[in-house]
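Structural characterization, general
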Amino acid sequence: MEQFILGRLTWSSLPHEWFTLGGTVAFATILIGLTIFLTRVKRWKWLWNEWLTSTDPKKIGIMYIIIAFLMFLRGGLDVVMIWLQQTIGTTSSPGYLGATHGYLSADHFQQIFTAHGDIMVFFVTMGFLFGLINLIVPLQIGARDLAFPFLNSLGFWLYFAGVVLINMFFVLGGEFAAAGWLAVAPLSELQFNPGVGVDYWIWSLQVSGLGTLIGGINFVVTILKMRAPGMSLMRMPMFTWASLMGMILVISIFPILAMTMILLTLDRYLGMHFFTLDNGGNAMMYWNLIWMWGHPEVYVLIIPVFGIYSEIVSTFAQKKIFGYTSLVVAVGAITLLSFSVWLHHFFTMGAGADVNAFFGIMTMWIAIPTGVQIINWLFTMFRGKIIFKSPIYWFFGFVSTFTFGGMAGLLMALPPVDFQVHNSLFLVAHFHTMIVGGALFGIFAGFTYWFPKVFGFKLHERIGKYAFWTWLVGFFLSFVPLYILGMMGAVRRMDTYSPSLGWQQLFTVSLIGACVIMCAVGLQILQLVVSIIQRKQNRDLTGDPWNGRSLEWATASPPPFYNFAVIPQVHSRDAFWEMKNPKGISSSEVAKQKKTSIKYEDIELPKNTPMGIYLSGFIFLFGLAMVWHAWLFAIIGLVGAICCVILRTFDEHTEYVLTAAEVEQIEKKLRAKS
Amino acid sequence: MIHHQNHQEAITNDKTIFGFWVYLMTDLLMFGVLFATYSVLHGNIFNGPSGKEIFDLPFALTETIILLTSSFTAGLAIWALRNNNKNQVLLWFGITFLLGLSFLVLELTEFHKLVLEGDSWRRSAFLSSYFSLVSTHGLHITAGLFWMLISLIKVKSQGITPGLARKLTLLSLFWHFLDIVWIFIFTVVYLMGAI
């Protein structure tokens, strides 16, 4: 009976090692602190009504970004632990805190790099990007909301449930997965990892993956069906194009991930034999499936970021984007080609020279449209008048690092070269250059660029520049040694190396780089704090602080909850630029048009709803119960979730009407403020 | 006002049905993974039975005819829906429900027989992939049946509203989709397995 209720959860599972307890105490402190704070300022109801139950994509976007940032700190902490271990731990160094060498045991080290990878890819980068797309794309296409507002809320809460699940082991103990960020078979099978670790991995990613898939469908339908009148596909801003392509990738690949994880789950829970070593299982199948998801996934991370750069380059060079059509074709080509390269992740696994050659060639091909994009950005800047503010600094940082890392990738696209550096620190340095120099810098760029739109005041410019330079220096200090070490033969995922190799100095340089990056992150936090304190001085009163070109700048900063009082009519690309500088109309005519009274209409908006929270709560319970084999709670979670879905479908009153008079009042107040 | 409401309904129908098609394509991709896995692993019988030994073609044909007929009756139900004929909607979806239920019962008896003779999903990679592919389809059918039941309760109690009409359209899309997937299963698993 106890087994049916609690599964394999026992007293001895609970956190009891120093590192787990550290995390437990940290989380507990944060939670208690937050509870006390909210009770003191009496903001519980406000939090629930204004934020948690909201279906407004602007609010959901901010919530995504806050959680992503918190997970960024956790993933960063994991990184520092890894770097510290590799610096002080060698095969002949003493062991502290229970480790044989250094301060982390091999098993613990493996759990940390696994957690680091999953957190950074799924919860930080994807979280940031989903937040940004929620905030900006509806504004850019002249829409009021996404296609399915309730599903938007549900998607966020499923993401949040995944975040809690991956951190649950700090609460209930056990262990985390130690099989790498992709939990490759057969290591992740019961034979080698029977504990709860891999199950935590499976369920946190399944739950948040469901949210991602729902979000992807939502974004695709929104962009294809809800653009303002006159905005044909070829008149959309580049960030919207990039988001569309990224989300098309998401809806194509997340079913693959979901099913692959289900197959692994069936092996682990029902004794099936998809990827086991016996009874006819085929572990190579896992590798193929997981990388069929995994490779396009990294393009999901970078393609929307390319869109961010397109916006920033054209705004800060004060020129329309060069080669719009070729950019659209390039981004489409990257999307398609990303499906044809997955085997380059395991050239060394015996597919043979012919197969390797095909994938090597396709991998080299995919560099071409990426190059087209970079050339288009450079030509946009050519003969433009560049405004040197921090968003464009991040772009310059991106160009230098990404091309550098991209060339390392081209090198590895050659199977013979890859055989030398497969799974070495060279590979690690390459993909971190892509994700940090590419995606993360882009996220910082987009964050700085759109911050005034979302919050109504600009970020402190000088601290922002300091943060950028510190990041750039720290990045090169951290990763150039890894390129060198990889070339010299250093294998990845090792907690100790022999000191006789003479590599420790390079590891130390890398650790110093990590510390510089920590300072950079500190500067970014400082920038945020100072900007909030000084917000009244830096208010954006016009809604258009950078002299932007797309429709999001046509609203107030921050926009009213309905985005546009009147849906704009679009006549060309760079729709807002056209509105500001209309061709063939005299300035007096423009002034007259502005004076004519605007005809307001009733607006239908979705109501807030707690159902997303309840549904995700039940799914979270189901996932957690499955980890621990606590079947009673699994059944409760599943049944509860189904009941929530059914209840929701009986809800007829999911929208409310904002009358034209109310809209007019809000608009008057906004105009009075500016 | 009514014109505005009809316009809003049309927009909602358009984006909801389109969104549902997008979801169906993602579901198809999930089945795609199962088919790919089945194709790779169906030869790994590991001293257990092969498809030829355990597949009963007449039985599978019966299941196929039942499911195809249920798709036809679902089509009749939607025709009745377009004609606003509440009783016919209940009748034809009711028949669809019974046919779907019979399909499930037949499938479960097939599984039961296999498990009793020791050829469960634990025996080999082939059997694992067979059971998971067919069960995933069966679980989708089950979900569809639940959906149908609840929809029929709503039709009975509140009649045919625009929102309910839209949801019944989505249900029929789902049902036809499952029928198409079954055609693939019948072909790839049963017919090709018997060669």
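For every chain, the first residue of the written sequence is number 1, and numbering continues from 1 onward in sequence order. Lettering for chains starts from A, numbering for ligands starts from 1, and both go in the order in which the items are written. The predicted nature of this model means local features are confined to residues of pLDDT at least 70 and side-chain atom pairs, given and counted, to a pLDDT of 80 or more, with totals for whole chains, interfaces and linings taken over all residues. The side-chain figures draw on all heavy atoms in the structure; neither hydrogens nor water molecules are used.

1. What about the overall build of chain A?
- Helix numbering and strand numbering both begin at the N terminus, where a helix is a DSSP run of H or I of at least 4 residues and a strand a DSSP run of E of at least 2. Looking only at helices and strands, one finds 23 helices and two strands in chain A.
- Relative to its length of 674 residues, chain A is compact, with a C-alpha radius of gyration of 25 Å against a globular reference of 26 Å.
- Structurally, chain A occupies a C-alpha span of about 80 × 60 × 50 Å along its principal axes.
- Should any heavy atoms of two residues lie within 4.5 Å, those residues are counted as being in contact. In chain A, once contacts between residues fewer than 6 apart in sequence are set aside, the share between residues at least 24 apart is 83%.
- Split by element, the accessible area of chain A, about 27500 Å² in all, is 70% carbon and sulfur.
- Within chain A, one finds 41 positive and 34 negative side-chain charges whose respective centroids are separated by 15 Å. Radius of gyration means the value over C-alpha atoms here, while the globule rule gives 2.2 Å times the residue count to the 0.38 power. Computed with a 1.4 Å probe, the accessible areas rest on the Shrake-Rupley method; for each residue, only the protein chains presented here act as cover. The sign given to each residue is positive for Lys and Arg and negative for Asp and Glu; His and the chain ends receive no count. By convention, the point assigned to a charge is CZ for Arg, NZ for Lys, CD for Glu and CG for Asp.

2. A short note on the confidence of the model for chain B
- A score between 0 and 100, pLDDT records how confident the predictor is in each residue. In the predicted model, chain B carries a mean pLDDT of 94, and the fraction of residues at 70 or more is 98%.
- Scoring the predicted complex yields pTM 0.96 and, for the interface, ipTM 0.96.

3. Overview of unusual backbone geometry
Residue and element names in this part refer to chain A.
- Each neighbour pair has its own omega, and for A185 with P186 the value is 0°, a cis peptide bond.
- Geometrically, the link from S557 to P558 is a cis peptide bond, its omega value of -5° lying close to zero.
- Along the chain, P558 turns up in the loop between α18 (504-533) and α19 (575-580).
- Non-glycine residue L97 carries a positive phi angle of around 50°.
- Type-normalised accessible area, obtained with a 1.4 Å probe on protein chains alone, sets the label of each residue: buried when under 20%, exposed when over 50%, and partly exposed for intermediate values. Taking the relative accessible area as the measure of exposure, L97 reaches 55% and is therefore exposed.
- Although it is not a glycine, N423 adopts a positive phi angle of roughly 55°.
- Looking at where N423 falls in the secondary structure, it is placed in the loop between α15 (415-421) and α16 (425-455).

4. Some details on the nonpolar core
- What is meant by a nonpolar core is a set of buried Ala, Val, Leu, Ile, Met, Phe, Trp, Tyr and Cys residues, joined one to another through side-chain atoms within 4.5 Å. The biggest cluster of nonpolar side chains holds 261 residues, and the ones touching the most others in it are Y200 and W471 of chain A together with Y130 and Y190 of chain B.
- The element contributing the most residues to this core is helix α9 (residues 238-270) of chain A, with 21 residues.
- How far each domain reaches was decided by an automatic or database domain assignment. Counting the residues that make up this core, at least three belong to each of domain 1 (317-387) and domain 2 (389-493 + 501-533) of chain A.
- Leaving out residues up to four positions away in the same chain, Y190 of chain B has contacts with F55, L57, A60, E63, E110, Y130, V134, W182 and I185 of chain B.
- If you look at the next biggest cluster of nonpolar residues, it comprises eight residues, including Y600, I603, L605 and A660 of chain A.

5. Quick look at the domain arrangement of chain A
All names here are of chain A.
- With domains assigned, chain A is organised as domain 1 (317-387) and domain 2 (389-493 + 501-533).
- For domain 1 and domain 2, the distance between their C-alpha centres works out to 20 Å.
- At the junction of the two partners, domain 1 supplies 15 residues and domain 2 supplies 15 residues.
- Joining two parts hides part of their accessible area as seen by a 1.4 Å probe, and the buried area is that hidden amount summed over both. Each partner contributes to the roughly 1300 Å² buried at the junction of domain 1 and domain 2, and carbon and sulfur atoms together form 83% of this total.
- Polar contact is the term for a pair of N or O atoms within 3.5 Å; when the atoms are in protein, one must be able to donate a hydrogen and the other to accept it, and sequence-neighboring residues count only if both atoms are side-chain atoms. Across the contact surface, domain 1 and domain 2 share two residue pairs in polar contact (both at pLDDT 80 or more).
- Contributing elements (two or more residues each) for the side of domain 1 that touches domain 2: α12 (353-365) and α13 (367-381).

6. As for a negative patch on the surface
Residue and element names in this part refer to chain A.
- Each patch is assembled from residues with relative accessible area greater than 30% and no salt bridge, linking like charges that lie within 9 Å and nonpolar side chains (Val, Leu, Ile, Met, Phe, Trp, Tyr) that lie within 5 Å. We count a salt bridge whenever a side-chain nitrogen from Lys or Arg sits within 4 Å of a carboxyl oxygen from Asp or Glu. Residues E601, D602, E604, E655 and E662 make up a contiguous surface patch of negative charge.
- Checked against the element boundaries, E601 lands in the loop between α20 (587-595) and β1 (603-606).
- Judged by relative accessible area, E601 falls into the exposed class, the value being 52%.

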